[in-house]
Amino acid sequence: MIDLIKECEGAAKIGISGHVRPDGDAIGSCLALRRYLANAFPDAKITVNLEQPPRIFHELVGYDEVRTDFAPEDEPYDVYFALDCNRERLGPAGAYFDSARKTINIDHHVSNPGEGEIHLVLPEISSTGELLYTLFDEKYMDREIALALYVAIIHDTGVFQYSCTSPDTMRVAARLMEYGFDFPRMIKETFYEKTYLQSQIMGRCLMESIRFMDGRCIVSVVDKRTAEFYGVLPKDYEGIVNQLINIKGVDCALFLYETDTLEFKVSLRSTPAVDVSKVASYFGGGGHVRAAGCTMKGTFHDCVNNLSQRIAEQFPDAE
Ligand code: 5GP
Ligand code: MN
């Protein structure tokens, strides 16, 4: 366990970052920690440096204060937090982390060995949001923090659906609910609601998906041309891979989108039959047993062929 208050005592300048392409857990965790430390240390300057978080999170405390410029700083940070990722996935914020006087890494990704001077990586915990709650002293908590942590938890548990959800997750969520916020609306607006365009691209991905390995795997892809045709961005693909893994008989779902010429971002989801964190780690990515990702070079077919080999190895009847 980490005593956050003790570690930040006397710090004048504190920084917090999560991973690139921040999701609900990364955003909720960063914003919750910022508010928590601001309540405990009203005189400290506390900054969240993140890539622009999607607008759906605009109600979370400090959303408008998130710094997205990653401009060089004159003075190093006294304490720098890397949340929900390892050093490498901080993107340009890695420079702040490297130059900070003290570094703290808090995460729940099994692929993270733990980085920084002080680190706490607990892969059995649903989300960084849940993990932070266990480190927080209720004395400095408020409704805004509770909401940000709740949003972090619902995003990484798929609203308490994925296997990472534990009885403790539910107990933490129950405690957070007692702070009183409009949870049905927050769940709808940040998790389920899609724009018409997002629904269209999802529809197209489902229509054009391809099953292989006797229907145990499924893949769908958005190439650059298609993305440009619809005018969609990576954030619009949220939820597609989760829809693919919900298809009956599928043990492993792959969703790829083209990030550059001959480069794809890969999202993987699985049932207990496959450990996709192993597959993603093999290709330089990482994540969790049932949800992971990586970036790969090559044609779409090369990527899928290489991924299939790693997946097939895990099927008990694989040769
Ligand atoms: P998603 O498919 O939703 O982008 O990511 C699923 C999980 O895998 C998340 O926990 C995410 O943090 C992790 N992940 C996705 N892409 C990468 C990657 O390129 N590297 C690492 N280390 N983790 C990733
Ligand atoms: Mn997370």
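Here we summarise the structure given alongside this text. (Residues numbered from 1 in each chain as written. Chains lettered and ligands numbered in written order. Predicted model: local features only at pLDDT ≥ 70, side-chain atom pairs only at ≥ 80, totals over all residues. Heavy atoms only, no water.)

## Concerning helix α7 (residues 183-192)
Next, step 1: Among the residues of α7, Met-186, Ile-187, Thr-190 and Phe-191 are the ones counted as buried. Buried residues of α7, viewed axially, fall in a sector of 100°; they line one side.
Next, step 2: Tucked into the core, α7 has its buried residues touching α5 (143-157). (Buried < 20%, exposed > 50% of the residue type's maximum accessible area, 1.4 Å probe, protein only. Helix = DSSP H or I, 4+ residues; strand = E, 2+ residues; numbered from the N terminus. Arc of directions from axis to C-beta. Contact = heavy atoms within 4.5 Å.)

## Things to note about the sheet that holds strand β10 (residues 286-287)
Next, step 1: Taken together, six strands build an open sheet; the order of strands is β6-β7-β8-β9-β11-β10 and the sheet is mixed. What marks the edges here is a single partner per strand, and that holds for β6 (210-212) and β10.
Next, step 2: As defined by bridge partners, strand β9 (residues 263-270) adjoins strand β11 (residues 291-297) across seven bridges and the pair is classed as antiparallel. Opposite Val-266, over in β11, you have Cys-294 as the bridge partner.
Next, step 3: Running over the sheet, helix α12 (residues 300-312) touches β6, β7 (217-222), β8 (252-260), β9 and β11 and is turned about 145° from β8. (Pairing = 2+ DSSP bridges. Axes fitted to C-alpha atoms, helices over the stretch in contact; angles between N-to-C directions.)

## Let's talk about the site of ligand 1
Next, step 1: Among the 13 residues in the neighbourhood of ligand 1, the closest are listed as Arg-89, His-109, Lys-265, Ser-267 and Arg-269.
Next, step 2: For ligand 1, an oxygen atom lies 2.8 Å from a polar atom in the side chain of His-109.
Next, step 3: In the environment of ligand 1, a nitrogen atom lies 2.6 Å from a nitrogen or oxygen atom belonging to the side chain of Lys-265.
Next, step 4: Burial of ligand 1 by the protein chains amounts to 81% of its free accessible area of 500 Å².
Next, step 5: Broken down by secondary-structure element, the contributors of at least two residues to the shell around ligand 1 are β9, β10 and β11.
Next, step 6: For the shell around ligand 1, the element with the most residues is β11, which contributes four residues.
Next, step 7: Considered class by class, the residues forming the shell around ligand 1 number three nonpolar, seven polar and three charged. (Near = heavy atom within 4 Å. Polar contact = N/O pair within 3.5 Å; in protein donor to acceptor, adjacent residues only side chain to side chain. Areas by Shrake-Rupley, 256 points an atom, 1.4 Å probe, with all protein chains shown as cover. Nonpolar A, V, L, I, M, F, W, Y, C, P; charged D, E, K, R; others polar.)

## Points about helix α2 (residues 24-40)
Next, step 1: Taking 1.5 Å of rise per residue, the 17 residues of α2 would be expected to cover 24 Å, and the 24 Å separating its terminal C-alpha atoms lies within 8% of that figure.
Next, step 2: For α2, the buried fraction is high: 13 of the 17 residues fall into the buried class. (Expected span 1.5 Å × (residues − 1).)

## Section: the sheet that holds strand β1 (residues 13-17)
Hydrogen bonds between backbone groups are what pair the strands of a sheet, and the pairing can be parallel or antiparallel.
Next, step 1: As summarised here, the arrangement of the five strands in space is β2-β1-β3-β4-β5, forming an open sheet in which the pairing is parallel. Looking along the sheet, the strands with just one partner apiece sit at the ends: β2 (45-48) and β5 (118-121). Shown here is a sheet whose adjacent strand axes are inclined to one another by a mean of 10°, direction ignored.
Next, step 2: Note: β1 against strand β3 (residues 79-83), four bridges, orientation parallel. Residue Gly-15 lies in a different strand from β3, and its bridge partner there is Tyr-80.
Next, step 3: Packed onto the sheet, helix α4 (residues 128-135) meets β3, β4 (102-107) and β5 and runs at close to 120° relative to β4.

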